[in-house]
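Summary of structural features
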Amino acid sequence: MSQQQQPTREEMIEAGRAFEQRLRSAQASLEHALVTGRSADGTVVVLASGLGQLKAVQVDPAVFDTRDVTALQDAITQSIRAAAANAATLAQEKLGVVEINLY
């Protein structure tokens, strides 16, 4: 059996720097990316960054005709959750497994 040689300190530092650069690049990409989330009924659309920062909420004006507050609240919640899931999927593609929380 041959024994694998341990990396030198310099090799470990260089590998760490390369990893950090890949993370910074992915983070910058996610910061500029936009994801959407849509409610099941399509009345609410949420836009968020790939990092999960909420950017905009679009509400179909027809939703106000029904004056159904509970339905509107549910639609907003659904669209935010969908945007968070889409941001998490994009982040996972760029970074690997991560957790995204909208704020």
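Parameters and conventions
Residues numbered from 1 in each chain as written. Predicted model: local features only at pLDDT ≥ 70, side-chain atom pairs only at ≥ 80, totals over all residues. Heavy atoms only, no water. Helix = DSSP H or I, 4+ residues; strand = E, 2+ residues; numbered from the N terminus. Contact = heavy atoms within 4.5 Å. Areas by Shrake-Rupley, 256 points an atom, 1.4 Å probe, with all protein chains shown as cover. Patch = residues over 30% accessible without salt bridge, like charges linked within 9 Å, V, L, I, M, F, W, Y side chains within 5 Å. Salt bridge = Lys/Arg side-chain N within 4 Å of Asp/Glu carboxyl O. Buried < 20%, exposed > 50% of the residue type's maximum accessible area, 1.4 Å probe, protein only.

In this section: the overall build of the protein chain. In terms of helices and strands, the protein chain carries three helices and three strands. Across the protein chain, helices and strands are ordered from the amino to the carboxyl terminus as α-β-β-β-α-α. Long-range pairs, those at least 24 residues apart, make up 50% of the contacts in the protein chain between residues at least 6 apart in sequence. Of the roughly 7700 Å² of accessible surface on the protein chain, a fraction of 51% belongs to carbon and sulfur atoms.

With that settled, the discussion passes to a nonpolar patch on the surface. Side chains of Phe19, Leu23 and Leu95 sit close together on the surface and give an oily, nonpolar patch of about 240 Å² of accessible area. Within the element layout of this structure, Leu95 appears in helix H3 (residues 69-95). Residue classification places Leu95 among the partly exposed residues on the basis of a relative accessible area of 32%.

Along the polypeptide, Arg22 turns up in helix H1 (residues 9-32). On the basis of relative accessible area, Arg22 is assigned to the exposed category, the value being 55%. Each C-alpha atom of the pair Arg22 and Leu95 lies 8.6 Å from the other, and the pair is 73 residues apart in sequence.

In this structure, Arg67 takes a positive phi of about 55° despite not being glycine. The residue Arg67 is located in the loop between helix H2 (63-66) and H3 in this model.

Here the focus is the side chain of Thr43. You can see Thr43 is positioned in the loop between strand E1 (34-38) and strand E2 (44-49). Assessed through its relative accessible area of 15%, Thr43 is described here as buried. The residues contacting Thr43, other than those within four sequence positions of it, are Gln58, Val59, Asp60, Val63 and Ala75.

So, to be careful, I would describe these as geometric facts and stop short of saying anything about function.
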